[in-house]
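Spelled out from the first residue to the last, the chains are:
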Amino acid sequence: VSELNYIAILGRQPELGLVELESLLGPDSIMPFGRHALIGEKLDISKLGGVIKLAEIIHRGTWEGLNLPVDPLKIASSEAGKLQVAISVYGKQINPGLLRAMGMELKRTLQQTRSVRLVLPKTGTSVSAAEIKFNRVMENGFELVVLTNGREVVIGRTFAVQDIDWYSRRDYGRPSRDAKVGMMPPKLAQVLVNTTHSDMVWDPFCGTGQTMQEALLLGRETHGSDAEPKMVKAATQNLEWLGSQVQRPLPKWEVVLADAITLRLPDFVAVVSEGYLGPSLTQSPKDLELGKLQKQLRGLYVQVLANFSKQLAPGAEVTICVPAWRAGTKFLDTGLVDELPRLGYSLKGFQHVSNPLLYERRGQVVGRQILMLKKND
Ligand SMILES: C[S@@+](CC[C@H](N)C(=O)[O-])C[C@H]1O[C@@H](n2cnc3c(N)ncnc32)[C@H](O)[C@@H]1O
């Protein structure tokens, strides 16, 4: 398909980028390419949590006899001054020597018209968003990304990189943080919001308002509630701060005190939330303790989902993170999935990823199981 001229490089957990883009664009408008990328149309990176870089495809071929396409890059390098040229490889473990050799070849060719500085990855085979920013690659040069799915090679010129500074301000720069509840990365919140389609989002466990913040930045009217007055205050403070950080007015928002078990929802709302994950743990729970946690948290979400089920229209969407606990190499969940049919929900089906998904970080005992639900007819 001709408009599929762009490649999106996905984050650490590629499934998150896949589910986000499949939700936004539909299954047929994206083509996974290897494990870490997908081919699709031109996108706005600031609206995506699961995408690290976007590149325009300038060459397709195979590894054997691979020639870097220099001609389109010469045009890009016609301005004056030193050109910063970065090169990254995805989908293949190549040694740093080979990467350097590819870069040097590029540098030699481009240097005929312009002085060039090569930007190579500090570690691994790909230049990070931070390195791109630090070396002003997008302003004073370009990055070439070389991707392979094992058979085919796609070469692209990067045109957008995740704004890491804005992400970190949205995380650590907020006035009201709480190490116990507010640890959800903004990128994950963006992905969660993007799995739903309603113009109005409700977060019934809003905590410090991370999900609300991202929903607002994505242009959704956003409501949040929490059972703790201090969280209602924290979220309100953070969203007021958010308003001061952006140029344009934010969509309408409000934060209210309410227990999710009895909360009244308006019509046409999508529920998007990182729910209560139980106590924070530094060690995997023992069998007995795990059994108690599973029962307690499953009980909470059964009540909450039953409450919403009475109110939501058929087809309404609910994306919610619930806990899953690390046990050796596996994660054990609440068993909530088995309760969904009687609660009136189905897991949405995706072509390129499974549902539920698991979001986990190394060293964390409590992971997040992401359930993407639809209210049954
Ligand atoms: C994991 S935190 C959510 C963190 C949030 N994503 C943030 O940005 O801070 C869970 C929140 O759920 C709230 N909570 C727990 N049980 C609740 C209930 N039954 N109804 C409403 N809120 C509840 C807690 O007060 C806590 O703020």
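Check the entry above for the structure.
Below is a short write-up of the structure.

Procedures and definitions
Residues numbered from 1 in each chain as written. Predicted model: local features only at pLDDT ≥ 70, side-chain atom pairs only at ≥ 80, totals over all residues. Heavy atoms only, no water. Core = buried A, V, L, I, M, F, W, Y, C linked by side-chain atoms within 4.5 Å. Buried < 20%, exposed > 50% of the residue type's maximum accessible area, 1.4 Å probe, protein only. Helix = DSSP H or I, 4+ residues; strand = E, 2+ residues; numbered from the N terminus. Contact = heavy atoms within 4.5 Å. Phe/Tyr/Trp six-rings, centres within 6.5 Å; stacked < 30°, edge-to-face > 60°. Pairing = 2+ DSSP bridges. Axes fitted to C-alpha atoms, helices over the stretch in contact; angles between N-to-C directions.

### Remarks on the nonpolar core
1) Next: Counting 34 residues, the largest nonpolar core has Leu-265, Tyr-301, Leu-305, Phe-308, Leu-312, Val-318 and Tyr-345 as the members making the most contacts within it.
2) Next: Those elements that place two or more of their residues in this core are strand 9 (200–203), strand 12 (269–274), helix 10 (287–311), strand 13 (317–327), helix 11 (340–343) and strand 17 (366–375).
3) Next: With nine residues, the top contributor of residues to this core is helix 10.
4) Next: The contacts of Leu-265, once residues within four sequence positions are left out, are Trp-202, Val-271, Phe-308, Gln-311 and Leu-312.
5) Next: Counting residues in each nonpolar core, the second largest holds 31 residues, with Leu-21, Leu-48, Met-184 and Met-372 among its members.

### Here we look at the packing of aromatic side chains
1) Next: With the rule as written, the count across this model stands at two aromatic pairs.
2) Next: Ring geometry for Tyr-6 and Phe-159: centres 5.7 Å apart, planes at 80°, overall edge-to-face. Here Tyr-6, found in strand 1 (residues 6–10), pairs with Phe-159, found in strand 8 (residues 153–161); they are 153 residues apart in sequence, far enough to count as distant.
3) Next: Residue Phe-159 is classed as partly exposed on the basis of its relative accessible area of 29%.
4) Next: With 5.7 Å between their ring centres and 55° between their planes, Phe-205 and Tyr-301 make a pair best called tilted. One end of the pair, Phe-205, is in the loop between strand 9 and helix 8 (210–217); the other, Tyr-301, is in helix 10, with 96 residues separating them in the sequence.

### A short note on the sheet that holds strand 4 (residues 51–61)
Hydrogen bonds between backbone groups are what pair the strands of a sheet, and the pairing can be parallel or antiparallel.
1) Next: One open sheet holds the eight strands; their spatial order is 2-3-1-4-8-7-5-6, and the pairing between them is mixed. Only two strands of the sheet have a single neighbouring strand rather than two, namely strand 2 (31–33) and strand 6 (116–119). Between one strand axis and the next, the sheet turns through 30° on average, direction left out of account.
2) Next: Of the strand pairs in this sheet, strand 1 and strand 3 (residues 37–40) are connected by four bridges, and their pairing is antiparallel. Its bridge partner being in strand 3, Ala-8 is matched across the sheet by Leu-38.
3) Next: Relative to strand 1, helix 1 (residues 14–25) is tilted by about 135°, and along the sheet it contacts strand 1, strand 2, strand 3 and strand 4.
4) Next: The strands that helix 3 (residues 96–110) touches are strand 5 (83–90), strand 6 and strand 7 (141–148); relative to strand 5, the one it contacts most, it runs at about 145°.

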